[in-house]
Structure formats: C-alpha cells, structure tokens
Amino acid sequence: MIDLLIAGGTLADGTGAPPRRADVAVTGGRVARIGDLAGCPAVRTVDASGHVVAPGFVDVHTHSDLTLLSAPEARSAVRQGITTVVVGNCGLGVTPAAGDDGEALRAAAGYLDLDPAVRWDWTDMPGYLAALDAARPAVNVAALVAHTPLRAAAVGFGDRPAGAAALDRMRGLLGDALAAGAAGVSTGLVYAPACYAREDELEALGRTAAAHGRLFAWHVRDYADGLLDSVRQALRVAAATGCRTQISHLVAVGRRNHGSVARALELIDAARAAGLDVGFDIYPYLAGNAPLSQLLPAWAQEGGERAMRARLTDRAVRARVRDGWRDMPNSWDDIAVGGRAVTALAADAGTDPPDLALDLVAEHGNAVQMVAGGRSERDLADALAHPAGVIGSDGQALDPAGPTGRGTPHPRSYGCFPRLFAEYVRPGRLGLAEAVRKCTSAPAERAGLAGRGVLKPGAHADIVVFDPARIADRATFAAPQRYPDGIRAVIVGGRAVVEDGAHGDARPGEILRVP
C-alpha cells in the first residue's frame, strides 16, 4: 500500500518540463509512482487540487550552520517550502575549529552565532556533521568547507601570504573535509582573514575542490565598483583549476554601479561558452544583509575580531576609516541596523553616521547585522532570468519564538522562495516550470546533491505543495518574522513537516554527505 498519495495537483517536476496534471505516490521515503493514480489505496491522501506539486526547494546558499543546532525545526525555512539547505557559504563557517584560535573563530563567525547556548564540541567536519545529525534537523543539510577557518588554522588572522607549508595545510584540511562528505568549499573575500588571500591560495583551494569533483562558491572581493574585476578573478581561478564555480548572490551595490550585473553575466556567458562550469545564485530582494563590519577596509579587520574592536577605539584609525568612507557606493540612508537607517540612529544618538557605525562595531564586533539597499530592479531581473542562475536565500533557518528569532533579520529567511513566485512567476515575468527548476534541480546539481530536486520514481520524497494563486511572502524589513501564505504542505523524506499552515513535530532531515 502507498504511504502517501498527493492527488489532483499540477506537477512541476523540477526538470523544467511543462507542468502537467499528475498524482504522486510516496512509499518508504521515496517517490514510488507518478501519473493517474485514482483509486490506489493509500495510508494518507493529500488533496492537491488547484495546487502545484513540486520538489522541495533546495536552498544552495544559507548561513544556518549554527541556527540548525539551536532550532533544528528550521521553521522559517520549512514554512517557505525549503527541504534541503547548504551551509558554510561566503567563507564563513565553523570547522575546522581547533587549538588556541577556537574563540577567535567563533568571534569571526559572529554573523552565524545567534544563540550563545550552542556549544562547539567539534574540531573537524566529521565532528560538525555528527553534531548536526544529533540535532535531528527537519531539513536535509549539506555543508561547504569555509575559507575563514581554513586560513585561520593554517595562517592565522593576520594579513600575510600563505607560504608553501600553509598552503599544504589548507589543502590537507580541505581534502579531509571533502573526503568526509562536504559538498565543496566557499570563500568570502571581504571577510577577515579570507580577504588577505592571494590568488595562488585561491587556486590551491580550487584545485583541491576540482580533484574531488566538488563546488567552489565565491563571495567575491567586491560587489560595488570592483564587481567586474572580482568576477574576472573567480573566472581566472576556474580556468586555471577546472573547478565547478558558483558566484554567490550576484548583485551590484550602489546606484552608480547599476547595470554592472548585465556585464558580469556577459563574462559568465563567455566563460561557459569556453567550457567552464560556472553558475551563480541570487535572491529576489533589492537589499542585502551582512555584518556591519564588512564595510571596514581589510587593514582595519586584521588580527581577528578582538584586535579589530580595540583598533576602532583609536582616533587616528577612526579618522582613516572615515576618510575611506567618503566615497562609499551606498549612502548611510541605504544602510539600516535593527530595522532603522543609520542616519536616523545617528541623529537619535547625537552623532554622525560614520561614528555611529564605528561605535557599533567597536562595541559588538561582527555580530552587528546591517541591511543595505541601493540595488537595481533591472539588475535583479537580469540575474533571475539568466539560465545559469539559481535561487539561494542567503538567509538562516530561524525560530521566531526562540533565541534565533530575536532582532530584525532580513525577510529572506522567511519569504525568499514564496516571493519569487508572487513577484516574478504570477505576473508572468518568469515561467512556473523554469522558476521551479531554479529552486530545485538546478541548485541541487550545482551542489552535487544527486537525487535531490526532482520528482520522478525512485527520487527522494522531498515535496512542496503550494497554491500558485496565493503563494506570497509576508515578511517585510519592518516585520521580518512572518511566515508566507500559500504553502499547503512540505514533505521531507516522505514525512509531512508542514501541513495546512501548521508546523508538526517531524524532524526527518538527513545530513547529506557527498560521496
């Protein structure tokens, strides 16, 4: 007998094929049959009439490395249809974590570290994956190896090149983590200490990833005036090493850089035409979210968070940083902390925006999050329409009632995928089948997650059922902790985690180790 029958829906199977009327039968956590299954006996039946039945969304770009240990129910992710997440992006990660730099590494990962009660009991990728296993998350989880802890372990937090011995150590640590099942490696070239890496170091990471057939994901060095040069660097490393390359959240920051995404896409097209395996991810918002400390120049971040915070109490250092900020691509009106523009916060404090920003980072370090706008709708539309682009939220799995739900996170953590369907599919700006592909099989393929992101007999039964007329994000920048509308059911491994707007107790997610 069938365990679960999803009947009467419109199947968008994740491949990009035209949607069609079909029932889906699930047995033993796998898709058993697809077709006209009327009359087939089933333990449970979900009536999907008037709904789209699709593979669960595969969020290839998340920062849920630690939030899944605090809130394994992954409420903000599952409620928007996500069934699989990839952590360890932007070079920000939690392993390897060993030796005297453990505290400094946790401080460097402050952007991820929302619940101080979470203990770091691991030193390597097998230990971290075991901790995830023990937490029993509701979603499937794959991990990238982050550049920041790799460089911290081999070089430290200073601005110096990696010598031969350090490169060997990084290659060894990365190779060990990939052998343990990591899906690839990521870098974040605006974050210390990864920002001090020279190109030979990036090539060493790329060659190691290529040797294991894994992904190299890039938060490139500059998304503003230097976007095109930064994309060229990623493509040079791809050409030199042959690694599968993913450019993270492809955007252009600052109004004077509007239109740069189209030129970056031309560079990507040329690289793909030359045979390079290059793609990118994007989320459907005109503002991003990152540590406020990202605005600091690399020299001001040297030595780790403690040294950075101490440095920012020096008047000469502050003057030098302020001088560099005079030609920022964004205005302080475009940058918000805690839901309010820095200009407004500074006015309330009786100071100016640069001093307020410096005071916040000096007091709270990398934990201060900003939301930065000033992006172009045309740039976003160009990226969303490009065939090499996939959807990645850049968000976190959060619990609005727990420690991870405090503050004002970016609304993408609650509404990224529903927003795509409400703002781009329903108005006809993007086809349903292509949008589903960008949310399912395409990101799964980029991450090397075989058998995920498609609905066909034998596939993993990770499924989302949604109403195409109602699906929409409700989270806003002012009120970000709101679940979306229109998600009827979310099924992970054949078990319902969300049904009829209610989050159940099931936590059937798997820790995905790439062979």
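Residues numbered from 1 in each chain as written. Predicted model: local features only at pLDDT ≥ 70, side-chain atom pairs only at ≥ 80, totals over all residues. Heavy atoms only, no water.

**Regarding the overall build of the chain**
Move 1: Helix and strand counts for the chain stand at 18 helices and 23 strands.
Move 2: In terms of overall size, the chain behaves like a compact globule, its C-alpha atoms giving a radius of gyration of 22 Å where 515 residues would be expected to give roughly 24 Å.
Move 3: Structurally, the chain occupies a C-alpha span of about 75 × 50 × 45 Å along its principal axes.
Move 4: Buried residues in the chain amount to 61% of all 515 residues.
Move 5: A separation of at least 24 residues holds for 77% of the contacts in the chain among residues at least 6 apart in sequence.
Move 6: Carbon and sulfur atoms form 49% of the exposed surface of the chain, whose accessible area is close to 18,200 Å². (Helix = DSSP H or I, 4+ residues; strand = E, 2+ residues; numbered from the N terminus. Rg over C-alpha atoms; globule rule 2.2 N^0.38 Å. Buried < 20%, exposed > 50% of the residue type's maximum accessible area, 1.4 Å probe, protein only. Contact = heavy atoms within 4.5 Å. Areas by Shrake-Rupley, 256 points an atom, 1.4 Å probe, with all protein chains shown as cover.)

**Section: the nonpolar core**
Move 1: Core analysis: the largest hydrophobic core is formed by 133 residues, its most contacted members being Tyr128, Leu250 and Phe421.
Move 2: Apart from residues lying up to four places away in sequence, Leu250 is in contact with Tyr223, Leu227, Val231, Val261, Ala264, Leu265, Ile268, Phe280, Asp281, Ile282 and Ala383.
Move 3: If you look at the next biggest cluster of nonpolar residues, it comprises 16 residues, including Val26, Val46, Ala489 and Ile491. (Core = buried A, V, L, I, M, F, W, Y, C linked by side-chain atoms within 4.5 Å.)

**Let's talk about helix α17 (residues 432-439)**
Move 1: Judged by how many residues are buried, α17 sits mostly within the fold: six of eight residues are covered.
Move 2: All of the buried residues along α17 are Ala433, Ala435, Val436, Arg437, Lys438 and Cys439.
Move 3: Where α17 is buried, its residues contact β7 (52-55), β8 (57-59), α15 (377-385), β19 (389-391), α16 (412-425) and α18 (441-447).

**Some points on α16**
A turn of α-helix holds 3.6 residues, and therefore any two residues three or four places apart point the same way.
Move 1: Compared with the 20 Å implied by 1.5 Å per residue over 14 residues, the 17 Å span of α16 between its first and last C-alpha is markedly short.
Move 2: Turning to α16, its buried residues number three or more, namely Arg412, Ser413, Tyr414, Gly415, Cys416, Phe417, Pro418, Leu420, Phe421, Ala422, Tyr424 and Val425. (Expected span 1.5 Å × (residues − 1).)

**Details of the environment of Ala316**
Move 1: One can find Ala316 in helix α12 (residues 315-324).
Move 2: With relative accessibility at 57%, the residue Ala316 sits in the exposed group.
Move 3: Sequence-wise, Ala316 and Pro508 are 192 residues apart; in three dimensions their C-alpha atoms are separated by 54 Å.

**Quick notes on the packing of helix α6 (residues 164-179) against helix α7 (residues 199-211)**
Move 1: The N-to-C vectors of α6 and α7 enclose an angle of 30°; their axes lie 10 Å apart at closest approach. The angle between α6 and α7 falls in the class roughly parallel. Between α6 and α7 the crossing geometry is right-handed. For the pair α6 and α7, the contacting residues are Leu167, Met170, Arg171, Leu174, Gly175 and Leu178 in the first and Asp200, Glu201, Ala204, Leu205, Thr208 and Ala209 in the second.
Move 2: A per-class count over the contact of α6 with α7 returns seven nonpolar, two polar and three charged. (Axes fitted to C-alpha atoms, helices over the stretch in contact; angles between N-to-C directions. Parallel < 35°, antiparallel > 145°, perpendicular 65-115°, else oblique. Left-handed = near helix turned anticlockwise from the far one by under 90°. Nonpolar A, V, L, I, M, F, W, Y, C, P; charged D, E, K, R; others polar.)

**Some thoughts on the pattern of salt bridges**
Move 1: Tallying each qualifying case throughout the model produces 33 salt bridges.
Move 2: Here Arg437 makes a salt bridge to Glu434, at a shortest N to O gap of 2.8 Å. Of the two residues, Arg437 and Glu434 both sit in helix α17, three residues apart, roughly one turn of that helix.
Move 3: Classification of Glu434 by relative accessible area gives partly exposed; the value is 26%.
Move 4: Among the charged side chains, a salt-bridge network with shared partners connects Arg318, Arg322, Asp352, Asp355 and Asp359. (Salt bridge = Lys/Arg side-chain N within 4 Å of Asp/Glu carboxyl O.)

**Things to note about the sheet that holds strand β10 (residues 140-146)**
Sheet strands pair via backbone hydrogen bonds, and the direction of the pair is either parallel or antiparallel.
Move 1: In space, the eight strands of this open sheet follow the order β8-β9-β10-β11-β12-β13-β14-β19, with parallel pairing throughout. The strands lining the two open edges of the sheet, one partner per strand, are β8 and β19. The mean angle between the axes of side-by-side strands here comes to 25°, regardless of whether they run parallel or antiparallel.
Move 2: The pairing of β8 with strand β9 (residues 82-87) spans three bridges and is classified as parallel. Directly across from Val58, in β9, lies its bridge partner Thr84.
Move 3: Docked against the sheet, helix α8 (residues 227-241) engages β12 (215-219), β13 (244-247) and β14 (278-282), running at close to 165° with respect to β12. (Pairing = 2+ DSSP bridges.)

**Considering the sheet that holds strand β1 (residues 2-7)**
Move 1: Across the sheet, four strands lie side by side as β5-β4-β1-β6; this open sheet has mixed pairing. Sheet topology places β5 (30-35) and β6 (42-47) at the edges, where each strand pairs with a single neighbour. Across the sheet, the axes of successive neighbouring strands diverge by a mean angle of 20°, strand direction being ignored.
Move 2: Relative to β5, strand β4 (residues 23-27) is paired through five bridges, and the arrangement is antiparallel. Across the sheet, Val26 pairs through a bridge with Val31, a residue of β5.

**Focus on the side chain of Asn89**
Move 1: If you trace the backbone, Asn89 turns up in the loop between β9 and α3 (102-108).
Move 2: Of note is the side chain of Asn89, whose polar atom sits 3.1 Å from the backbone oxygen of Val86.
Move 3: Once residues lying within four places of it in the same chain are set aside, the contact partners of Asn89 are Val60, His61, Thr62, His63, Leu144, Ser186 and Ala217. (Polar contact = N/O pair within 3.5 Å; in protein donor to acceptor, adjacent residues only side chain to side chain.)

**Section: the packing of aromatic side chains**
Move 1: By the definition in use, this model includes eleven aromatic pairs.
Move 2: With a centroid separation of 5.6 Å and an interplanar angle of 20°, the aromatic rings of Trp120 and Trp122 are classed as stacked. As far as burial versus exposure is concerned, Trp120 and Trp122 are alike and both buried.
Move 3: Across the ring face of Tyr483, the terminal group of Arg79 is positioned such that the distance to the ring centre comes to 4.0 Å. (Phe/Tyr/Trp six-rings, centres within 6.5 Å; stacked < 30°, edge-to-face > 60°. Lys NZ or Arg CZ within 6 Å of the ring centre and 35° of its normal.)

**Focus: the packing of α16 against α17**
Move 1: Relative to each other, α16 and α17 sit at 155°, their axes nearing to 11 Å. Our classification of the angle between α16 and α17 gives roughly antiparallel. Helix-helix and strand crossings are classified by hand; for α16 and α17 the assignment is right-handed. Counted together, Phe417, Leu420, Phe421 and Val425 of α16 and Leu432, Ala435, Val436 and Cys439 of α17 form the full contact between these two elements.

**Let's talk about the environment of Arg309**
Move 1: With respect to the element layout, Arg309 can be found in helix α11 (residues 305-311).
Move 2: Linking Arg309 and Asn366, residues 57 residues apart in sequence, is a C-alpha distance of 9.3 Å.
Move 3: Setting aside its immediate chain neighbours within four residues, Arg309 contacts Val361, Ala362, Glu363, His364 and Gly365.
Move 4: From its side chain, Arg309 meets the backbone oxygen of Ala362 in a polar contact 3.1 Å long.

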